[in-house]
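Letter by letter, the chains look like this.
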Amino acid sequence: MNMKKLFLLGTLAMFCMTGSAQENNKSNDSFRVEETLPEISAKSILQFWPTCTVEEIEKFVFPELYEIVMNETGYEELAKCFTPHNNGIVAVIKREDRSTLNSVVAKANGFLPENVILFWGARPEENDVFMLYAIKDDDSDGIAPLQGDIIEKVEAGFSAYSNAPIINIKMNSEAAARWGDLTEVCAKERRPIAIVVDGLVYSAPMPAERINSANSEISGNFTIEDVQELVEKLK
């Protein structure tokens, strides 16, 4: 399976989010590694994807990835980075190892199920590590369940809980209904939802129940400048 080139953004704050994205072609570009943090494209596209569950990762994803990394690199310590985690994470990778694993992970797509896509996390986490996520693409077409022209209003703001910069989004009525359906299914299946922009996952929280609100907050490791720029590009 070729890599699907996706454009993604966002973090789900209080399990309330939203999305907008357009259909993307399959390409290995999703695994391009930048030494610096990736820049946001001229037109940022927001998508919401269900991730694989821990059970699915253990059964369908992890064994193939571990074997491929061992065969390609010969480094057992590197292969040990691939282990099932919550929130759709299949690996926690040090920054210095990401470039090495980039091409290896791209090769893995030929051995993974057609409905599985791998995406890097957008920002390094604590201890300067990057997450690798397994996304569930039920139709194997690279089109997220929630994407397209779904944003009615978008503006910068600050979290009431952490005072961190966030993006406030209001979805149109059609998108809000689809968002409700997506969160309901994922809550029942205990399946996280990945928020992605420009081919990178910003977070993958798990909804506790159906969310019917059209209003969402996207949070992440953002500066005020990041949020202002994204707001302009999501309008």
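Since we're looking at a predicted model, the values are computed, not measured.

Parameters at a glance
- Within every chain, residues take consecutive numbers counted from 1 along the sequence as written.
- Local features in this predicted model are restricted to residues of pLDDT 70 or higher, and side-chain atom pairs are both shown and tallied only at a pLDDT of 80 or more, whereas totals for entire chains, interfaces and linings draw on every residue.
- To get the side-chain values, all heavy atoms of the structure are used, and hydrogens and water are removed first.
- The working definition used for a salt bridge is a side-chain nitrogen of Lys or Arg within 4 Å of a carboxyl oxygen of Asp or Glu.
- Each residue gets one of three labels from its accessible area relative to the maximum for its type: buried under 20%, exposed over 50%, partly exposed in between, using a 1.4 Å probe on protein chains only.
- Secondary structure counts use DSSP, requiring at least four H or I residues in a row for a helix and at least two E residues in a row for a strand, with both numbered from the N terminus.
- Two strands pair if DSSP finds at least two bridges between them.
- Pairing of aromatic rings covers Phe, Tyr and Trp, the last through its six-membered ring, and needs centres within 6.5 Å; plane angles under 30 degrees mean stacked, over 60 mean edge-to-face, and all others mean tilted.
- Joining through side-chain atoms within 4.5 Å is the link that ties buried Ala, Val, Leu, Ile, Met, Phe, Trp, Tyr and Cys residues into a set, and such a set is a nonpolar core.
- Should any heavy atoms of two residues lie within 4.5 Å, those residues are considered in contact.
- Note on geometry: axes are lines fitted to C-alpha atoms, helical ones only across the stretch in contact, with angles between N-to-C directions running from 0 to 180 degrees.
- Fitting one axis to the seven residues ending at a residue and another to the seven starting there, the bend at that residue is the angle between the two axes.
- Known as pLDDT, the predictor's confidence for each residue is given on a scale from 0 to 100.

A. Just the pattern of salt bridges, in detail. Scanning the model with the defined rule gives eight salt bridges in all. When the shortest N-O distance is used, the salt bridge between Arg-191 and Glu-189 registers 2.8 Å. The class of Arg-191 is buried, set by a relative accessible area of 6%. Counted as one network, the salt bridges with shared partners bring together Asp-181, Glu-184, Lys-188 and Arg-210.

B. Molecular detail of the pairing of strand β3 (residues 116-120). Buried residues dominate β3, accounting for five of its five residues. Residues Val-116, Leu-118 and Trp-120 point to one face of β3 and Ile-117 and Phe-119 to the other, with burial holding for every one of them. Sheet analysis places β3 next to strand β4 (residues 129-136), joined by five bridges and oriented antiparallel. Across the sheet, Val-116 pairs through a bridge with Lys-136, a residue of β4.

C. Looking closely at the packing of aromatic side chains. A full pass over the atoms with the stated rule returns two aromatic pairs. Measuring from centroid to centroid gives 5.3 Å for Phe-48 and Trp-179, while their planes differ by 50°, and the two rings are tilted. Here Trp-179 lies in helix α4 (residues 173-189) and Phe-48 lies in strand β1 (residues 46-50), a separation of 131 residues in the sequence. Like Trp-179, Phe-48 is buried. Seen from their ring centres, Phe-62 and Tyr-66 are 5.7 Å apart, and the 55° between their planes marks the pair as tilted.

D. The arrangement of the nonpolar core in detail. Ranked by size, the top nonpolar core spans 49 residues in total, and within it Phe-82, Val-90 and Leu-118 carry the most contacts. The dominant element in this core, judged by the number of residues it contributes, is helix α1 (residues 54-73), at five residues. Beyond its immediate sequence surroundings of up to four residues, Phe-82 is in contact with Phe-62, Leu-65, Tyr-66, Val-69, Val-90, Ala-91, Ile-93, Leu-101, Val-105 and Leu-132.

E. Spotlight on the sheet that holds strand β6 (residues 165-171). With respect to topology, three strands assemble into an open sheet ordered β5-β6-β9, the strand pairing being antiparallel. Each having just a single partner strand, β5 (151-158) and β9 (215-219) make up the two edges of the open sheet. Averaged over neighbouring strand pairs, the angle between their axes works out to 25° when direction is ignored. Bridge count between β5 and β6: seven bridges; the pairing is antiparallel. The residue of β6 that forms the bridge with Glu-155 is Asn-168.

F. Region of the structure containing α1. Considering bend angle alone, the principal kink of α1 is centred on Val-61 and spans about 50°; proline Pro-63 follows within four residues of it. Of all the positions in α1, only Glu-56, Ile-57, Val-61, Leu-65, Ile-68, Val-69 and Thr-73 are classed as buried. Buried positions along α1 lie against α2 (76-79), β2 (89-94), α3 (95-108), β3 and β4. Once α1 finishes, Gly-74 follows within two positions and takes phi at roughly 75°, a positive value.

G. Up close: the confidence of the model for the protein chain. Mean pLDDT for the protein chain: 77, with 81% of residues reaching 70 or above. At the low end of the mean pLDDT range in the protein chain sits α2, at 78; at the high end sits α4, at 94. Every residue in residues 1-41 scores below 50 in pLDDT, and together they form 180 contacts with partners more than four places removed in sequence or on other chains.

H. Representation of unusual backbone geometry. Even without a glycine there, the phi angle at Ser-140 is positive, about 55°. When you line up the elements, Ser-140 lands in the loop between β4 and β5. At Arg-190, a residue that is not glycine, the phi angle is positive and equals roughly 55°. Considering the arrangement of structural elements, one finds Arg-190 in the loop between α4 and β7 (193-197).

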